[in-house]
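# Structural characterization, general
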Amino acid sequence: MNNDNSLLKETDPEIATVIDAERVRQGETLELIASENHVSGSVLEALGTVLTDKYAEGYPKKRWYRGCDNADSIEQIAIDRAKKLFGAEHANVQPHSGTSANIAVYMAALKPGQKIMGMDLAHGGHLSHGRSNNLSGTHYQAVHYCVREDTEMLDMDQVREQALKERPDILVCGASAYPRLVDFEAFGSIAKEVGCLMLSDIAHIAGLVVAGLHPDPVPHSDFVTTTNHKTLRGPRGGIILSKEKWAKQVDSAVFPGIQGGPLMHVIAAKAVSFAEAMHPAFKAYAQAILDNAKVLGEELMARGWRLVTGGTDNHLMLVDLRSRMPELTGHQAAIWLSDAHLVTNKNAIPFDPRSPFHGSGVRLGTPAITSRGLGTEHMKLIAGWFDEILTSEGDEKKIAEVRQATKELCAAHPVLNSSY
Ligand code: DSN
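Residues numbered from 1 in each chain as written. Predicted model: local features only at pLDDT ≥ 70, side-chain atom pairs only at ≥ 80, totals over all residues. Heavy atoms only, no water.

Let us look at the overall build of the protein chain. A tally of helices and strands in the protein chain yields 16 helices and 15 strands. The C-alpha radius of gyration computed for the protein chain amounts to 22 Å, which stays within 12% of the reference 22 Å derived for 420 residues, consistent with globular compactness. Dimensions of the protein chain, computed from C-alpha atoms along their principal axes, come out at roughly 60 × 60 × 35 Å. For the protein chain, the residues scored as buried account for 56% of the 420 residues in total. For the protein chain, the share of sequence-separated contacts (at least 6 apart) that also reach a separation of at least 24 residues comes to 73%. Accessible surface for the protein chain amounts to roughly 17,600 Å². Of this, 53% is attributable to carbon and sulfur atoms. For the protein chain, the separation between the mean place of its 42 positive charges and that of its 51 negative charges on side chains is 4 Å. (Helix = DSSP H or I, 4+ residues; strand = E, 2+ residues; numbered from the N terminus. Rg over C-alpha atoms; globule rule 2.2 N^0.38 Å. Buried < 20%, exposed > 50% of the residue type's maximum accessible area, 1.4 Å probe, protein only. Contact = heavy atoms within 4.5 Å. Areas by Shrake-Rupley, 256 points an atom, 1.4 Å probe, with all protein chains shown as cover. Lys, Arg positive; Asp, Glu negative; His and termini not counted. Charge placed at Lys NZ, Arg CZ, Asp CG, Glu CD.)

Structure representation (structure tokens):
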């Protein structure tokens, strides 16, 4: 693979320079954003191929253009691997993103104006689960369930009661900032009782699910959507899994419903990542993500930082900054941390009195730092740096000191883009 951009350096040094800078940035920073990861070299190599040149509107053996034999082979391999990996009856590997995958499911299953019931974004849900400024909230009626104020966790009795009252046409579960297990079986039984469809969005936890380290949504759901690039460690993009009876509607909703030509280079990279996730070593990787998250959470709590829900069962945690520094916003904390090369995102916490722009929390996740080989022994260091930077109120000397230490740790654990 031409990973050193040698051609680009000659032909377009302006872009090559920035790509190089990004490679250096990723190499020298600890990526703690829960939705990001570092892909393998094989995934990167598949992405940078001539497959990007090909228009292949349609599906394998049913294309609009000629010359699609290789595109057919690639997409069929990706479909077969996705079905095997997730144990699903049908897979569509064309969605350009997780949001596109969700929108396609709504288009396949609902008429405009029908009702979606999903988790409130402010409580950890996702824009595409019916947020008023997303197509899922403008073209459909949307209602939201929340976590309990006392436990900050979902209460399935409350969800059931609300679903029976609201009678949604589709019940959506899954989250982007929820540190606990999702009870897909309970969601499935509520959907059955209500007589509605069920969509499980496992974008964050797909890698944990396929490793058998999180309950499996597939037996309980009409549709399962995921991104490829979070815990699953694939290229950016989405997929839809469904029961066979929905295959035609799902495929028509993706193309021609909301997308044109599929990105064949990305689909090839998805296929590569599915094979990687079937490798026995992937399970150890997913377990290491969980072990790291658990220890990082414990080390933070030991320093007085409260975690929303009191801990984590998955790859992410939400730190309630008010527990140690009542005046500190998530916005400010994320800036100080990234100055020290600990990259996070600000996040509202459930029932947050602050605006989402400022937020009272930061979200931390362990998929990417686990990909570069950090283990539980390093989590104590990271928790200590987190604590020192924030309690120093962003003291420049402290930030410089931690930045140096972070860079040294990164140098000792480079992003190798290794495969399994
Ligand atoms: N942007 C993703 C995340 O960070 O969780 C969700 O789409």
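To continue, consider a nonpolar patch on the surface. A contiguous nonpolar surface patch, about 410 Å² in accessible area, is contributed by Tyr 55, Trp 64 and Tyr 65. Structurally, the position occupied by Tyr 55 is in the loop between helix 3 (41-47) and strand 2 (58-59). (Patch = residues over 30% accessible without salt bridge, like charges linked within 9 Å, V, L, I, M, F, W, Y side chains within 5 Å. Salt bridge = Lys/Arg side-chain N within 4 Å of Asp/Glu carboxyl O.)

Here the focus is the layout of surface pockets. As a volume, the second largest pocket reaches approximately 610 Å³. Leu 121, Gly 125, His 126, Ser 176 and Asn 347 are, among the 33 residues lining the second largest pocket, the residues nearest its centre. Elements with a minimum of two residues in the lining of the second largest pocket: helix 5 (98-109) and strand 14 (345-347). (1 Å grid on protein atoms, 1.4 Å probe; cavity = no way out; pocket = protein on both sides within 12 Å on 5 of 7 lines; lining within 4 Å. Points joined across faces, edges and corners; volume = space filled by probe spheres on them.)

Time to look at the packing of helix 12 (residues 280-302) against helix 15 (residues 376-391). Packing of helix 12 against helix 15 leaves a shortest axis separation of 8 Å and a crossing angle of 40°. When the axes of helix 12 and helix 15 are compared, the crossing they make is right-handed. Listed contacts from helix 15 to Asp 291, Asn 292, Val 295, Leu 296, Glu 299 and Leu 300 of helix 12 are Thr 376, Met 379, Lys 380, Ile 382, Ala 383 and Phe 386. (Axes fitted to C-alpha atoms, helices over the stretch in contact; angles between N-to-C directions. Left-handed = near helix turned anticlockwise from the far one by under 90°.)

Before going further, it helps to examine the site of the ligand. For the ligand, the full set of nearby residues is Ser 35, His 126, Ser 176, His 204 and Arg 363. Between Ser 35 and the ligand, the recorded distance is 2.7 Å, taken from a side-chain N or O atom to an oxygen atom. With respect to the ligand, the side chain of Arg 363 contributes an N or O atom lying 2.7 Å from an oxygen atom. More than half of the atoms of the ligand fall within 2 Å of the grid points belonging to the second largest pocket. The residue inventory of the shell around the ligand, partitioned by class, reads no nonpolar, four polar and one charged. (Near = heavy atom within 4 Å. Polar contact = N/O pair within 3.5 Å; in protein donor to acceptor, adjacent residues only side chain to side chain. Sits in = over half its atoms within 2 Å of the grid points. Nonpolar A, V, L, I, M, F, W, Y, C, P; charged D, E, K, R; others polar.)

This part covers the confidence of the model for the protein chain. When pLDDT is averaged along the protein chain, the result is 97, and 99% of the positions lie at 70 or above. The element-level mean pLDDT for the protein chain is lowest in helix 1 (residues 6-11), coming to 94, with strand 4 (residues 90-92) highest at 99. (pLDDT = per-residue confidence, 0-100.)

Turning our attention to the pairing of strand 7 (residues 170-173). Every second residue of strand 7 is oriented toward a common face, with Ile 170 and Val 172 on one face and Leu 171 and Cys 173 on the other, all of them buried. Relative to strand 7, strand 5 (residues 115-119) runs parallel, the two being bridged by two bridges. Note that in strand 7 the partner of Met 117 across the bridge is Leu 171. With four bridges connecting them, strand 7 and strand 8 (residues 197-201) associate as parallel partners. Counterpart to Leu 171 in the pairing with strand 8 is Met 198. Once you follow strand 7 into helix 8 (residues 184-194) and on to strand 8, the crossover reads as right-handed. (Pairing = 2+ DSSP bridges. Right-handed = clockwise from strand over helix to strand, strands pointing away.)

Another point: helix 5. Taking 1.5 Å of rise per residue, the 12 residues of helix 5 would be expected to cover 16 Å, and the 17 Å separating its terminal C-alpha atoms lies within 8% of that figure. Listed in full, the buried residues belonging to helix 5 are Gly 98, Ser 100, Ala 101, Asn 102, Ile 103, Ala 104, Val 105, Tyr 106, Ala 108 and Ala 109. The residue sitting at the N-terminus of helix 5 and contributing the capping side-chain oxygen is Ser 97; that oxygen lies 3.3 Å from the backbone nitrogen of Thr 99. (Expected span 1.5 Å × (residues − 1).)

Once that is clear, we can look at the sheet that holds strand 8. Read across the sheet, seven strands follow the order 4-10-9-8-7-5-6 without closing on themselves; strand pairing throughout is mixed. With one partner strand each, in any of the chains shown, strand 4 and strand 6 (141-145) form the two edges of the open sheet. Averaged over all adjacent pairs, the angle separating strand axes in this sheet is 20°, with direction ignored. Judged from the five bridges that link them, strand 5 and strand 6 form a sheet pairing that is parallel. The partner of Lys 115 across the bridge, within strand 6, is Gln 141. In this fold helix 7 (residues 156-166) packs onto strand 5 and strand 6, with an angle of close to 165° to the strand it touches most, strand 5. Docked against the sheet, helix 8 engages strand 6, strand 7 and strand 8, running at close to 160° with respect to strand 8.

With that settled, the discussion passes to the packing of aromatic side chains. Scanning the model with the defined rule gives six aromatic pairs in all. The positively charged end of Arg 233 is found above the aromatic ring belonging to Tyr 285, 5.8 Å away from the centroid. Over the ring of Phe 357 we find Lys 346; its NZ or CZ atom is 3.7 Å from the centre of that ring. (Phe/Tyr/Trp six-rings, centres within 6.5 Å; stacked < 30°, edge-to-face > 60°. Lys NZ or Arg CZ within 6 Å of the ring centre and 35° of its normal.)

This part takes up the pattern of salt bridges. Applying the stated criterion across every chain yields a total of 18 salt bridges. Beyond isolated ion pairs, a larger network of salt bridges with shared partners links Glu 152, Arg 306, Asp 320 and Arg 322.

This part covers the packing of helix 4 (residues 69-86) against helix 11 (residues 264-278). Contact geometry for helix 4 and helix 11: axes closest at 9 Å, N-to-C directions at 35°. For helix 4 against helix 11, the interelement crossing comes out left-handed. Side by side, helix 4 and helix 11 meet where Ala 71, Ile 74, Glu 75, Ile 77, Ala 78, Arg 81, Ala 82, Lys 84 and Leu 85 of the first sit next to Met 264, Ile 267, Ala 268, Ala 271, Val 272, Phe 274, Ala 275, Ala 277 and Met 278 of the second. The residue makeup of the contact of helix 4 with helix 11, split by class, is 15 nonpolar, no polar and three charged.

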